[in-house]
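Take a look at the letters that make up each chain.
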Amino acid sequence: MSVYVLFAVILLIVIVIIPNIRIVPQSKAFIVERLGAYIATWQVGIHVKIPFIDRIANRVSLKERVLDFKPQPVITKDNVTMMIDTVIYFQITDPKLYTYGVENPMNAIENLSATTLRNIIGELELDGTLTSRDVINTRMRSILDEATDPWGIKVNRVEVKNIIPPDSIQEAMEKQMRAERERRESILIAEGQKQSAILVAEGKKASLILEAEAAKEAAIKKAEGEAQAILEVQKATADGLAMIKSVAADEAVIRLRSLEALEKAANGQATKIIIPSDIQNLAGIVTSISELAKDTTGKK
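Given the structure is predicted, the values throughout are model-derived calculations rather than measurements.

S.K.: Describe the packing of aromatic side chains, and please don't skip the residues or the numbers.
M.R.: Inspection of the entire model under this criterion finds one aromatic pair. Centroid distance Tyr-38 to Tyr-100: 6.0 Å. Interplanar angle 75°. Geometry classified as edge-to-face. Placement of Tyr-38 in strand 3 (residues 37–42) and of Tyr-100 in helix 2 (residues 95–100) is noted, with a sequence separation of 62 residues between them. You can call Tyr-38 partly exposed: its relative accessible area is 31%.

S.K.: Describe empty space enclosed by the protein, with residues and values.
M.R.: For the coordinates displayed, the defined rule picks out one cavity of 30 Å³ or more. Considering only enclosed or pocket space, the largest cavity measures out at about 30 Å³ in volume. In terms of lining, the largest cavity is formed by Phe-69, Gln-72, Ile-84, Thr-86, Glu-110, Ser-113, Ala-114 and Leu-117. Sorting the residues of the lining of the largest cavity by element identifies strand 8 (81–92) and helix 3 (105–121) as the ones contributing at least two each. The leading source of residues in the lining of the largest cavity is helix 3, at four residues. Taken together, the residues of the lining of the largest cavity sort by class into four nonpolar, three polar and one charged.

S.K.: Can you lay out the confidence of the model for the protein for me, pointing to particular residues and giving the numbers?
M.R.: In the predicted model, the protein carries a mean pLDDT of 80, and the fraction of residues at 70 or more is 81%. Per-residue pLDDT, averaged within each element of the protein, yields its smallest value for helix 8 (residues 279–299) (52) and its largest for strand 2 (residues 28–34) (92).

S.K.: Go over the pattern of salt bridges with me, naming the residues and quoting the values.
M.R.: Applying the stated criterion across every chain yields a total of nine salt bridges. Note that Asp-145 is salt-bridged to Lys-154, the shortest N-O span being 3.1 Å. With relative accessibility at 15%, the residue Asp-145 sits in the buried group. You can call Lys-154 partly exposed: its relative accessible area is 34%. What you see here is one network of salt bridges that share partners, running through Arg-141, Asp-145 and Lys-154.

S.K.: Just give me the short version of the pairing of strand 8, but keep the residues and values in it.
M.R.: A regular strand places its side chains on the two faces of the sheet in alternate fashion. The sheet contact formed by strand 6 (residues 64–68) and strand 8 spans five bridges and is antiparallel. Each bridged residue has a counterpart across the sheet, and for Val-66 the counterpart in strand 8 is Tyr-89. Relative to strand 8, strand 7 (residues 72–75) is paired through four bridges, and the arrangement is antiparallel. Across the sheet, Pro-73 pairs through a bridge with Met-83, a residue of strand 8. Here strand 7 hands over to strand 8 after five residues, with Asn-79 in that stretch at a positive phi of 65°. Both strand 8 and strand 9 (residues 153–164) contribute to a ladder of 10 bridges, which runs antiparallel. Each residue of the ladder has a partner; that of Thr-86, found in strand 9, is Val-160.

Parameters and conventions
- Residues numbered from 1 in each chain as written.
- Predicted model: local features only at pLDDT ≥ 70, side-chain atom pairs only at ≥ 80, totals over all residues.
- Heavy atoms only, no water.
- Phe/Tyr/Trp six-rings, centres within 6.5 Å; stacked < 30°, edge-to-face > 60°.
- Helix = DSSP H or I, 4+ residues; strand = E, 2+ residues; numbered from the N terminus.
- Buried < 20%, exposed > 50% of the residue type's maximum accessible area, 1.4 Å probe, protein only.
- 1 Å grid on protein atoms, 1.4 Å probe; cavity = no way out; pocket = protein on both sides within 12 Å on 5 of 7 lines; lining within 4 Å.
- Points joined across faces, edges and corners; volume = space filled by probe spheres on them.
- Nonpolar A, V, L, I, M, F, W, Y, C, P; charged D, E, K, R; others polar.
- pLDDT = per-residue confidence, 0-100.
- Salt bridge = Lys/Arg side-chain N within 4 Å of Asp/Glu carboxyl O.
- Pairing = 2+ DSSP bridges.

Next comes the structure, spelled out in structure tokens:
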């Protein structure tokens, strides 16, 4: 009998007790009901439930989740209909409220997100909608987080994924962007031409300044050369006068030299003849030379 009793106990353990032992993994939580009423929330570890009385009503993941909703039609303040889809990052913070707070929480979040998005976009015009994604994200996150708090859900982030305006609006925007690009191109070309003209003018200015400085330097050098030549001539003249004075040349010799200079001037190609002011003295010199020549001829 003892063998049968032992076998029956083992069979009872295998059939009844072992299936009622549960291990809750990390980032999970089990909602346990007893006779249909909430009794406990099992966290990470080993737990045992009472057979046929306790049951696991829900297994809840505590990880952060992502919901990517389909594009929703919305109307802006200036009556432009567009399609916007959003992405919501949320996390379950209270498994009990998540289980008993709302029926089908994901569907509830999707509908709440669509209505909230319509309300926010309805207050913005088209241009504001296209340029205010951060404002839309912040307002949606705040509203959704407050609304889902009774459901045990924490909304961490909301991102506007795509904003799809109508085809006519997209075509108009493309034309506007094309015109803006052409305008910027024209401005860049004009600025380039302006800069080029400025550089060319500055180059010409620098060239003229250098040429003027070169001409100035040349004139200075030429004047210095002429001054040096005049000084050399004056010096040579002074040296010649000093030599004449040093040999004690008398007045007759000086007058004879003047005659020779006059003779050379008469034999040249010049059209003017310079006659000394003391022409009478010169005539006397010529007479003296003639007499001297006659005396020399008679003696011969």
